[in-house]
Structure formats: structure tokens, C-alpha cells
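This is what each chain is made of:
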Amino acid sequence: HRSAHLAYIKGLIQKNELTPDNLAILAFIIQKNLGELTFKKQIFAIGDPLVMFNDFLTDHYFSWIESLGHRVVYAPMSEYLILLWQDWAEQNGQQNKTGLLDRVQMLCRLVRDLDRHLGSKAVFSKHIGDTAEYAQNTLGYYAGANGRYRMGKCLDIREKVDGIITVSPMYENTGICLN
């Protein structure tokens, strides 16, 4: 179903119709499609997005896991960006901090709406503040390669999944530090 969902989104973008309502419809369809499937285990994948979302760079490992009957759920880029932008606004947005944080909250509301439509199949954090708190308690303001989100999300989702796989380039300092 994944390729059909991506084609649907691509079509919406091309027609300039990628709206919150259309994303909510897609989220409901995804929830319905996933509800018809049974998985052995649910594995969470997180890490450097350029590696995580590239089957070639992971040697098709996640596809292989899925072929064994497991569900691989990927860390949502929206949350990755929310925490990145929220941290930046808090630390650097002195001139327009309120406006920046308002925009971040608008994205949070959209994510919560999608989460509601995805139901039990969602992997979004119920409260992005929890993810930020986990990150703050473990890494402080470490900023490399969005390591704060990566660590916070692993701690936030650990009870909802059967396992967590982290991926990063071999040379990446953040991957080395987090492991």
C-alpha cells in the first residue's frame, strides 16, 4: 500500500491539493489498510533520515524485515522537524519567538489530527513535550543531527513497539554518541 499512498500524495501535490483534510483522509485509509493486516512484531526505525528512508543505504534491511511479516514503522519526519524547530525557536528566535512557536504549535495540531485518524496504528508521540522532556533529561541541549529527537523518541515509544533499530552513516558523530 505504501507506494499507492505515496502516489496519492504526489498527485495531491501536483494538483496543489495537499491540504490537512486530504491528509486526514489518507490517514484514515492507512489505518483501515493496516487494520486488515496482522504483524508478528512491530519494529521502530529511527536515525539519520537520509539513511533511514533509503533502502539502498540500509541494504534493503527494513524491506527484508517486512517480508518476514513484521511491521516496520519509521520515525515521523514531522515530529523530527517539530522538535528541531521548537528547539531553535526557544534558543535563537528572540526577535519572533512567539510567532515561531505559534507555527510549531500549528504543525503539532495537524500531527495530532493525523494521529487521531491513524488510531492504534499511529506512531506519533501523544505529547511532543514528552519527547522533548526525555531528550532534555538525557542529552540536554545536544544539537548534532537532531540527536535530541532521536533519543527522546526512542524513550517515548519504547513501550509501544517490540524493538528499535537506529541507523546512521558510519562516520556520524551523533550515531556514535547515542549508541
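Residues numbered from 1 in each chain as written. Predicted model: local features only at pLDDT ≥ 70, side-chain atom pairs only at ≥ 80, totals over all residues. Heavy atoms only, no water.

### With respect to unusual backbone geometry
No. 1: In this structure, asparagine 16 takes a positive phi of about 60 degrees despite not being glycine.
No. 2: Take asparagine 16: it is sitting in the loop between α1 (2–14) and α2 (20–35).
No. 3: Using a relative accessible area of 72% as the deciding quantity, one classes asparagine 16 as exposed.
No. 4: If you check the backbone angles, histidine 60 has positive phi at about 60 degrees while not being a glycine.
No. 5: For histidine 60, the position within the fold is in the loop between α3 (49–52) and α4 (61–67). (Helix = DSSP H or I, 4+ residues; strand = E, 2+ residues; numbered from the N terminus. Buried < 20%, exposed > 50% of the residue type's maximum accessible area, 1.4 Å probe, protein only.)

### Things to note about the sheet that holds strand β3 (residues 163–167)
No. 1: A sheet is described by the order of its strands in space; here 3 strands give the open sequence β2-β1-β3, paired in parallel fashion. Each edge of the open sheet carries a strand with a single partner, namely β2 (71–74) and β3. On average, adjacent strands in this sheet sit at an angle of 30 degrees to one another, irrespective of strand direction.
No. 2: Summarising the sheet, strand β1 (residues 42–47) and β2 pair through 4 bridges and their orientation is parallel. Each residue of the ladder has a partner; that of phenylalanine 44, found in β2, is valine 73.
No. 3: Sheet strands in contact with helix α8 (residues 147–157) are β1 and β3, and its direction is about 165 degrees off that of β1. (Pairing = 2+ DSSP bridges. Axes fitted to C-alpha atoms, helices over the stretch in contact; angles between N-to-C directions. Contact = heavy atoms within 4.5 Å.)

### Points about helix α5 (residues 77–92)
No. 1: Relative to the 22 Å expected for 16 residues at 1.5 Å per residue, α5 spans 22 Å between its end C-alpha atoms, a close match to the ideal helical length.
No. 2: For α5, the full list of buried residues reads Glu79, Tyr80, Ile82, Leu83, Gln86, Asp87 and Ala89.
No. 3: On its buried face, α5 sits against α3, α6 (97–118), α7 (128–139) and α8. (Expected span 1.5 Å × (residues − 1).)

### Description of the layout of surface pockets
No. 1: If you add up the space inside the largest pocket, you get close to 1,300 Å³.
No. 2: In terms of lining residues, the largest pocket is bounded by 37 residues, among which Arg2, His5, Leu6, Ile30 and Tyr74 are the most central.
No. 3: Those elements giving two or more residues to the lining of the largest pocket turn out to be α1, α2, β2, α5 and α6.
No. 4: Among the elements that take part in the lining of the largest pocket, α2 stands out by supplying 6 residues, more than any other.
No. 5: By residue class, the composition of the lining of the largest pocket is 24 nonpolar, 8 polar and 5 charged.
No. 6: In this structure, the second largest pocket occupies an estimated 160 Å³ of space.
No. 7: Along the walls of the second largest pocket sit Tyr80, Leu84, Asp87, Trp88, Gln91, Asn92, Tyr142, Ala143, Ala145, Asn146 and Arg148, which together make up its complete lining. (1 Å grid on protein atoms, 1.4 Å probe; cavity = no way out; pocket = protein on both sides within 12 Å on 5 of 7 lines; lining within 4 Å. Points joined across faces, edges and corners; volume = space filled by probe spheres on them. Nonpolar A, V, L, I, M, F, W, Y, C, P; charged D, E, K, R; others polar.)

### Describing the nonpolar core
No. 1: Phe44 and Phe62 are the most contacted members of the largest nonpolar core, which totals 21 residues.
No. 2: Only β1, α3, α4, β2, α5 and α8 provide two or more residues apiece to this core.
No. 3: With 4 residues, β1 is the single largest residue contributor to this core.
No. 4: Among residues more than four places away in sequence, those in contact with phenylalanine 62 are Ala45, Met52, Val72, Tyr74, Ile165 and Val167.
No. 5: Residues Ala27, Cys108, Val111 and Ile128 belong to the second largest nonpolar core, which totals 10 residues. (Core = buried A, V, L, I, M, F, W, Y, C linked by side-chain atoms within 4.5 Å.)

### Side note on empty space enclosed by the protein
Vacant regions in the atomic arrangement are exposed by a probe of water-molecule size rolled over the atoms.
No. 1: The tally for this structure, following the rule as stated, stands at 1 cavity of 30 Å³ or more.
No. 2: Here the largest cavity defines a volume of roughly 70 Å³.
No. 3: Around the largest cavity sit Glu79, Ile82, Cys108, Val111, Arg112, Ser125, Lys126, His127 and Ile128, which together line it.
No. 4: Elements supplying a minimum of two residues to the lining of the largest cavity: α5 and α6.
No. 5: With 3 residues, the single largest contributor to the lining of the largest cavity is α6.
No. 6: In the lining of the largest cavity, the residues fall into 4 nonpolar, 2 polar and 3 charged.

On their own, these measurements won't tell you what the molecule is for.
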